[in-house]
Amino acid sequence: MQIRFAVPADPAYPARVAAALAAARLRRFGYIGAALAAIGVVGWIASQASARFASLWTALIVAGVLSMLYAPWVRWRARRRSGGYAVEGGYDIDDRNIMMRSGSESGGIAWDGVTRVTETPDFWIVYVGRMPATVIPRWLMSAEDAGTLHAFMTERHLLGDR
């Protein structure tokens, strides 16, 4: 397998990458926030008869709502701050490595170090360990290359939820 494609110097691209990586890292804050808010609402309703611990339940509701708002806030900041980082780059993907170029910088990830890959509408998010390490933009690849890479990742059991 040898896949090579370019990334244009589009000011929207770094923002999309930052948002995808932030969403992958921060998803748990939404779940935790929803659980805290639900517990707070149930406790607050139950405590209305005695007004005991009402401030505790209110605090849980506020903490839950703030936790749910944290991820969208971080994604918004990442989009806003990364717009100035647009430079031409590219990807060279083969059976051993994912090599990325961005301006004068380059780096790579060995497939042996990849633990899983998740799919979003625009990207494949590549994880090394538990952390998302990079993204592969699917819309910049040809359909044939995307199919080849998808088959390669499926064969290595990297795609899907674990």
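Residues numbered from 1 in each chain as written. Predicted model: local features only at pLDDT ≥ 70, side-chain atom pairs only at ≥ 80, totals over all residues. Heavy atoms only, no water.

1. A closer look at helix H3 (residues 143-155)
Counted at 1.5 Å a residue, the expected span for H3 with its 13 residues is 18 Å, and the 18 Å between its end C-alpha atoms agrees. Turning to H3, its buried residues are Asp145, Ala146, Leu149, Phe152 and Met153. Down the axis of H3, the sector holding all buried residues measures 125 degrees, keeping them to one side. Those residues of H3 that are exposed and aimed more than 90 degrees away from the buried face are Ala143, Glu144 and Glu155. Against the buried residues of H3 lie strand S1 (2-7), strand S2 (89-94), strand S5 (116-119), strand S6 (123-128) and strand S7 (131-137). Looking one or two places after H3, you find His157, whose phi comes out positive at around 60 degrees. (Helix = DSSP H or I, 4+ residues; strand = E, 2+ residues; numbered from the N terminus. Expected span 1.5 Å × (residues − 1). Buried < 20%, exposed > 50% of the residue type's maximum accessible area, 1.4 Å probe, protein only. Arc of directions from axis to C-beta. Contact = heavy atoms within 4.5 Å.)

2. A short note on the pairing of S6
For S6, the tally of buried residues reaches five of six residues, placing the bulk of the element in the interior. Across four bridges, the pairing between S5 and S6 is antiparallel. Counterpart to Val117 in the pairing with S6 is Val126. Where S5 folds back on S6, the antiparallel hairpin that results is connected by three residues. Hairpin geometry of S6 and S7 is characterised by an intervening segment of two residues between the two adjacent antiparallel strands and by a positive phi of about 70 degrees at Gly129. (Pairing = 2+ DSSP bridges.)

3. Remarks on the pairing of strand S4 (residues 105-110)
Taken residue by residue, a regular strand's side chains alternate between the two faces of the sheet. The pairing of strand S3 (residues 97-102) with S4 spans six bridges and is classified as antiparallel. In the strand pairing of S4, Ile98 is matched with Ile109. Hairpin connection, S3 to S4: the antiparallel pair is bridged by two residues, and Gly103 has positive phi, about 65 degrees.

4. A few points about the sheet that holds S1
Strand pairing in a sheet takes place through backbone hydrogen bonds and is either antiparallel or parallel in direction. The four strands are arranged S1-S2-S3-S4 in an open sheet whose pairing can be described as antiparallel. Looking at strand neighbours, the two that pair on one side only are S1 and S4, the edges of this open sheet. On average, adjacent strands in this sheet sit at an angle of 10 degrees to one another, irrespective of strand direction. The sheet contact formed by S2 and S3 spans five bridges and is antiparallel. Across the sheet, the residue bridging to Gly90 is Arg101, located in S3. (Axes fitted to C-alpha atoms, helices over the stretch in contact; angles between N-to-C directions.)

5. Quick word on the confidence of the model for the chain
With 90% of its residues at a pLDDT of at least 70, the chain reaches an overall mean of 82. Within the chain, H3 carries the highest mean pLDDT (91), whereas helix H1 (residues 12-47) carries the lowest (79). (pLDDT = per-residue confidence, 0-100.)

6. So, the sheet that holds S5
In spatial order, the strands read S5-S6-S7; together these three strands make up an open sheet with antiparallel pairing. What marks the edges here is a single partner per strand, and that holds for S5 and S7. Adjacent strand axes in the sheet meet at a mean angle of 25 degrees when their direction is disregarded. Contacts from H3 reach S5, S6 and S7 within the one sheet, and its direction differs from that of S6 by about 35 degrees.

7. Things to note about the side chain of Asp92
Along the chain, the position of Asp92 falls in strand S2. Taking relative accessible area as the criterion, Asp92 reaches 18% and is therefore assigned buried. In contact with Asp92, other than residues within four places in its own chain, are Ile3, Arg4, Asn97, Ile98, Met99 and Arg101.

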